[in-house]
Each structure stands twice: as structure tokens, then as C-alpha cells.
Amino acid sequence: MDYFIPEEVLAHRGDTKWLEVHGEEAMERFVTEHQHSLSPNLRSLFAREMFSDPKTGGIYARAPKWWKRRLEQWQKELRRSLSAIMPELKDAWKSHPWDNLDPSPPTRDDLDPSGPAPVVTVEARGKSR
Amino acid sequence: MARWLEARAAALETTSAVLGKALADHRALPIDADPEVLRVLTVVRRYRVAVAGDAVLEVADELEEIARSLFADGDHATARALCLVADRIDEGLERLAKVHPGLTLLPSPKDPRVDRWQRVTAINASDSQSVSPRVDVEADWALRNRPGLHELDAHLDEGLARVQPAPLEVRHRHGAGGYEGGSEPTSLSEYRDRWGTIFRRGLGACAAVALARRQREVFLSMLIPDGGSGLSKYWARLIAWTHHAMPPVPTLSVFYPAGKTHEVLVAIDGWVKAGNKFPDGTIVEASGGRLEMRFLIFDEGDDGIKNLLAAVGKKVSCDSSRVGWAISRKTGSGLDDISAASAHWRSCLDAGYSEQEIEHLARKSYTSKEVAEIKRHIR
């Protein structure tokens, strides 16, 4: 089975800023257009295609925040539903309290484009030989 | 070798006895003693437990070390057997840790000693050309040892040997897999990736295999076992972050007892024939003739996993399960064969394959017309 994502959407593959604003709508359009197909998960297919980093191949490496929030929610639901049939999974995939600290620092995409451009400074200290 | 094993067995016996004694002493803390005395006694006895636990782990580490040397010499069977013994020791300690919460019996979850074979980079690939919507897990299982899958493994090893000069430590397993709603004979290759080289630089080799066999996507995943404390997730997120591959996704392996393979496969086929969609996953042989069903749980659509496990569970009870986290990279595209080939082509180029070499690979599974179209896509 072949699937079709319009060129104008594919052009924004890995473009987190665009996906943050238009990604959800584009995903739902893709799902509606392929509803007749037997594929078990069209959203996953769209996400793997559009949110992966084309340079590194990292899956969801360029995912927008709304998708990451959904993932977190699904993972919680998954633990609940699987532990209903396999009680030993009650404590599986636990989060750590440090998770609340969010280890990922802000990226260029999080910055306000209208604000001042980030500056990199280099300071050399100590005696030169 | 026999003498060495005898010495390790004796060491295991001695260290286990010392650990047993240390745990018994900790259990027998005089709780009605003076609080200051009790505090000091607790610290000392806890320390003894930690030291005794380390001594037991050291025996398991020695087994792993000799397994690694045997592996390098080509004796895979003995290496696997020794790893299994080491895993048993880890499992024994894990059981003790559950009975004695708060005591240090195990290294931290990120320590590579925990689950010695699972801390690997895993690659899932099939030799069925393109995507088929049919599901017949039983038939696919019967075909799991066909030459095509062995050739695929060899091709993958050859490509990965380019990026890692040290001898590859690999376990190839064959079985049946689910992809895009269909099933196919598949191969799951697990590489010990001590320095992360395979995960960092191995995508080109995966793309080369995919291009030669007309595969849509190949997933290269780093697996991190879940230690149950939450630290594994935090650690997985940090690794993912350093590899620009956010965020990690949960993995689940469910094991069924030896001798029940046929029943499990029939149960899966029956469930799919009843109108259910087959979730993406891999079914392979595990140690001791057991069957492992393994899932990388990417998102909500994987609700089917729960329903499938419940349906199989009505026929055959699983004997254990294992959870973890996976950080994944992929090459290819799920949209169509030409988009997939173009993406593989680019991955090969990034990995340093020459144009000529890539075209030679592509011609193995694409027609001249298709190769021309792929080239147009690239430009």
C-alpha cells in the first residue's frame, strides 16, 4: 500500500516550527484521506515521516511539543492498560522525579524569532605560552 | 577451561554464602537496641550487604568477560551459555533486591552488567520485498530459516564491520514480524555496542541492506533495560538527547514457555482472522526454546498490543516479561517504495558509500526505470 503526503507538506519534513503550528491539522488531513486503507496506524506513519530528523534519522527527533505531550499521555495509558492484563507491569516504564526538571534545554526552535539573536562567546583565560 | 569454571563455581558458592549471611545479619538487627547503636549497626550491616553483593556480581562479570573472548574466537554457543549463567546470577540478585528493598544488591540501572545481552543495538529487517498486507504468522515462522534472511544478516554484518573495526558481537535471530498490518519472515540482529559506534554510524549499513532488498524502513534501536526506579527513563532521555533522537519509546518483551510456540502462533493468526489488525512487532526464539514477542511501542495505535496479548493469554500464559526503553533511528520511508529507496540512497551517501556502489545495490531490487526515478528524486 502506498500513501500520499502532499509536496507542500513534505517540504516541511523535520521543520519543527512549522509542524508546531500546522502539523496537527496536516496529520488529521492525512488520516482522513487514507481512512479506506488497512494500515493499522496512519498517525504513526505520518509522524515517522514528518517528525524524524532527515539528517540523523532520529525518529521523532524533530517532533513538535503537542506530539511529545501526546506520547507522554499514551505511555501513561499504556502502562495502565497493560498492567490490567499483566499485573507485573504495574511499575514498568516509571518516570523519575527528575523528569519534571525537563533535561532538554531550549533549542533555537523554542526561541522567539523576533527577539535578539543568540550570541556565542569564547573566553580564553590564563597565560599563553 | 574446566578448571576455570570449577574455580568460578566455587567462588559463586562462597560469595553467595557470604551474601546470605550478610542479609541474615541485616534482618536480625536488634531493633530494641539504643537508637545510636542501632544506627551504627545498620550502616555497618548495609555496607556488608553491598560488598557481598558486589562480590557475587564480580563472578558474573568474569563469566561475561570470558564469554566475550570466546565470542571473538568464534565459539558463540559457549559464549551464549556463559552469558545465560551470568544473567541468572543477575536475576537471582534482582529477586533478592525485591525481597530486601532499600539494600544495595545491584549496580545502578545504567550499569552495563544488568541484562548482559539486552544492552545492544538492535536492527529489525526482512527479506520480503516491499509491503504485503497478508497475515500468516505460522507460515512466516516456518520460513524463518530461509537462506535470504541469512544472506541479509551477513550483508548487515559486512556493512557494520566497516564502521566498527573491533570484531562484531552479534546475535541474529529469525522469526516472524508485523509491519504496516501485514506479517513477514524477519530477522532481528542484536549487536553489543559498547562505545555506541554502531548506533552512531551504522545507519548507512542498514540503508545498504534495505536498498538491496527493497525494504521500506529499517529501524536501528538502542535498547536500555528498565531498572524499575525511573532512572532508566531519565538516562534514556539523556542518551537520546545526545544523539538528537528524542524521545525514547517503551519496549516490551513477553516470553512464552518452551513447547508452546505453535499454540502462540495459531492464537495470533486466529485473532487476526477474527478481524483484528496485527500490530508492529517481532516474534523470535528466546533462550531455552522459549518464544519472545517484542514490541517497540511508538504510539497510541499500539493499543492493539494489549488486545493481542490478552487474546494470546487466553490460550497460553506467558512466563515472564521484560520492559525497557528504545532510542530509535530509521532509514527509508513508509510512504512508497521509491520514496523509501531515495531516503536509503541519501543515508548511504551520508555514510560514505560511492554513487557507483549505491547504484549497484539498488539494481538488485529495483528496475532500471525505477533506479532512474530514484536518481531524479535525489537530485
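Details of the structure are given in the entry above.
Note that this is a predicted model, so its numbers are computed, not measured.

With reference to specific residues and values, describe the overall build of chain A.
The number of helices and strands found in chain A is 4 helices and 0 strands. In chain A, the order of α-helices and β-strands from amino to carboxyl end is α-α-α-α. Burial statistics for chain A: of 129 residues in total, 27% are counted as buried. Pairs at least 24 apart in sequence give 44% of the contacts found in chain A among residues at least 6 apart.

An account of the overall build of chain B is needed here, citing residue identities and associated values.
Looking only at helices and strands, chain B has 13 helices and 8 strands in total. Out of the 379 residues in chain B, the part that is buried amounts to 44%. In chain B, 76% of the contacts between residues at least 6 apart in sequence involve partners at least 24 apart.

Give a description of the interface of chain A and chain B that names residues and reports values.
Between chain A and chain B, the contact holds 43 residues from the first and 44 residues from the second. Residue contributions to the side of chain A that touches chain B peak at 8 residues, all from helix H4 (residues 65-85) of chain A.

An account of the nonpolar core is requested, with residue identities and associated values reported.
Membership of the largest hydrophobic core comes to 94 residues, with the highest contact counts inside it found for Cys-206, Ala-208, Val-209, Leu-211 and Ile-268 of chain B. The next biggest cluster of nonpolar side chains, apart from the first, holds 18 residues, and it includes Val-49, Leu-57, Leu-63 and Ala-86 of chain B.

Give me the lowdown on the pairing of strand S7 (residues 291-296) of chain B, citing residues and values where you can.
Residue and element names in this part refer to chain B. A large share of S7 lies buried, amounting to 6 of its 6 residues. Bridge count for strand S5 (residues 249-256) against S7 is 6 bridges, and the pairing is antiparallel. Looking at S7, one finds that Thr-251 is bridged to Leu-296. Taken together, the 4 bridges between strand S6 (residues 281-285) and S7 define a ladder with antiparallel strand orientation. Looking across to S7, one finds that Thr-282 is bridged to Arg-294. Connecting the antiparallel pair S6 and S7 is a turn made up of 5 residues, with Gly-288 showing a positive phi of about 65°.

Tell me what's going on with the packing of helix H5 (residues 147-163) of chain B against helix H7 (residues 203-212) of chain B, and back it up with residues and numbers.
All names here are of chain B. Where H5 meets H7, the axes come as close as 8 Å, and the angle between the chain directions of the two elements is 150°. In terms of axis orientation, H5 runs roughly antiparallel to H7. The handedness of the crossing between H5 and H7 comes out as right-handed. For the pair formed by H5 and H7, the contact residues are Leu-152, His-155, Leu-156, Gly-159, Leu-160, Arg-162 and Val-163 on the first element and Gly-204, Ala-205, Ala-208, Val-209 and Ala-212 on the second.

Lay out the packing of H7 of chain B against helix H12 (residues 355-362) of chain B with the relevant residues and their values.
Residue and element names in this part refer to chain B. Close contact between H7 and H12 brings their axes to 7 Å; oriented N to C, the two are set at 40°. Relative to H12, H7 is oriented oblique. Together, Ala-208, Leu-211 and Ala-212 of H7 and Ile-358, Leu-361 and Ala-362 of H12 make up the contact between the two elements. Residue composition of the contact of H7 with H12, by class: 6 nonpolar, no polar and no charged.

I'd like to hear about the environment of Asp-2 of chain A, residue by residue, with values.
Its location among the elements puts Asp-2 of chain A in the segment before helix H1 (7-10). Spatially, the C-alpha atoms of Asp-2 of chain A and His-34 of chain A are 9.9 Å apart, while their sequence positions differ by 32 residues. Asp-2 of chain A has contacts with Leu-335 and Asp-336 of chain B, leaving out every residue within four places of it along the chain.

Rules used in this analysis
- Residues numbered from 1 in each chain as written.
- Chains lettered and ligands numbered in written order.
- Predicted model: local features only at pLDDT ≥ 70, side-chain atom pairs only at ≥ 80, totals over all residues.
- Helix = DSSP H or I, 4+ residues; strand = E, 2+ residues; numbered from the N terminus.
- Buried ≥ 20, exposed ≤ 12 C-beta atoms within 10 Å, placed from the backbone.
- Contact = placed C-beta atoms within 7 Å.
- Core = buried A, V, L, I, M, F, W, Y, C linked by C-beta atoms within 7 Å.
- Pairing = 2+ DSSP bridges.
- Axes fitted to C-alpha atoms, helices over the stretch in contact; angles between N-to-C directions.
- Parallel < 35°, antiparallel > 145°, perpendicular 65-115°, else oblique.
- Left-handed = near helix turned anticlockwise from the far one by under 90°.
- Nonpolar A, V, L, I, M, F, W, Y, C, P; charged D, E, K, R; others polar.

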